[in-house]
Amino acid sequence: AQNNIAEEVAWIVGDEAIYKSDIEEQYQQLQYERTPIDGNPYCVIPEQIAIDKLFLHQAKIDTIEVPNSTVQQSVDAQEFRHCPTSSAILFCAVIR
């Protein structure tokens, strides 16, 4: 029987896989751009990919979703807060 491998996983970061093909692709890109690599590319490249994935993972954790209506209410409140008098409210509403 033949050993058909679709894709090899080089590293795992959380739930994310770093595939050997990702590393090879980035290595070829760096060579094409003549970018010097400080160290073994098969260590440096997956390490950088892992760092990128960690930042993305943390960004997902830190992300909050706010409905557009809440943002609009906040913006509207801020705009009217800067209007010193009731006669200026019309002006503020017009420039909005």
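Residues numbered from 1 in each chain as written. Predicted model: local features only at pLDDT ≥ 70, side-chain atom pairs only at ≥ 80, totals over all residues. Heavy atoms only, no water.

(A) Quick look at helix 2 (residues 41-62). For helix 2, built from 22 residues, the straight-helix expectation of 32 Å at 1.5 Å per residue is met to within 8% by its first-to-last C-alpha distance of 31 Å. Listing the buried residues of helix 2 in full gives Pro 41, Ile 45, Pro 46, Ile 49 and Ala 50. Taken end-on, helix 2 shows its buried residues confined to a sector of 150 degrees, consistent with a single buried face. In helix 2, the exposed positions angled more than 90 degrees off the buried face are occupied by Phe 55, Ile 61 and Asp 62. Each element contacted by the buried residues of helix 2 is listed here: strand 1 (9-13), strand 2 (16-19) and helix 1 (20-32). Backbone nitrogen of Tyr 42 and a side-chain oxygen of the N-cap are separated by 2.8 Å at the start of helix 2; the cap is Asn 40. (Helix = DSSP H or I, 4+ residues; strand = E, 2+ residues; numbered from the N terminus. Expected span 1.5 Å × (residues − 1). Buried < 20%, exposed > 50% of the residue type's maximum accessible area, 1.4 Å probe, protein only. Arc of directions from axis to C-beta. Contact = heavy atoms within 4.5 Å. Polar contact = N/O pair within 3.5 Å; in protein donor to acceptor, adjacent residues only side chain to side chain.)

(B) A look at the pairing of strand 1. Where strand 1 meets strand 2, four bridges bridge the pair, whose relative direction is antiparallel. Across the sheet, Val 13 pairs through a bridge with Glu 16, a residue of strand 2. The turn joining strand 1 and strand 2, which pair antiparallel and follow one another in sequence, is formed by two residues; a positive phi near 65 degrees is taken by Gly 14. (Pairing = 2+ DSSP bridges.)

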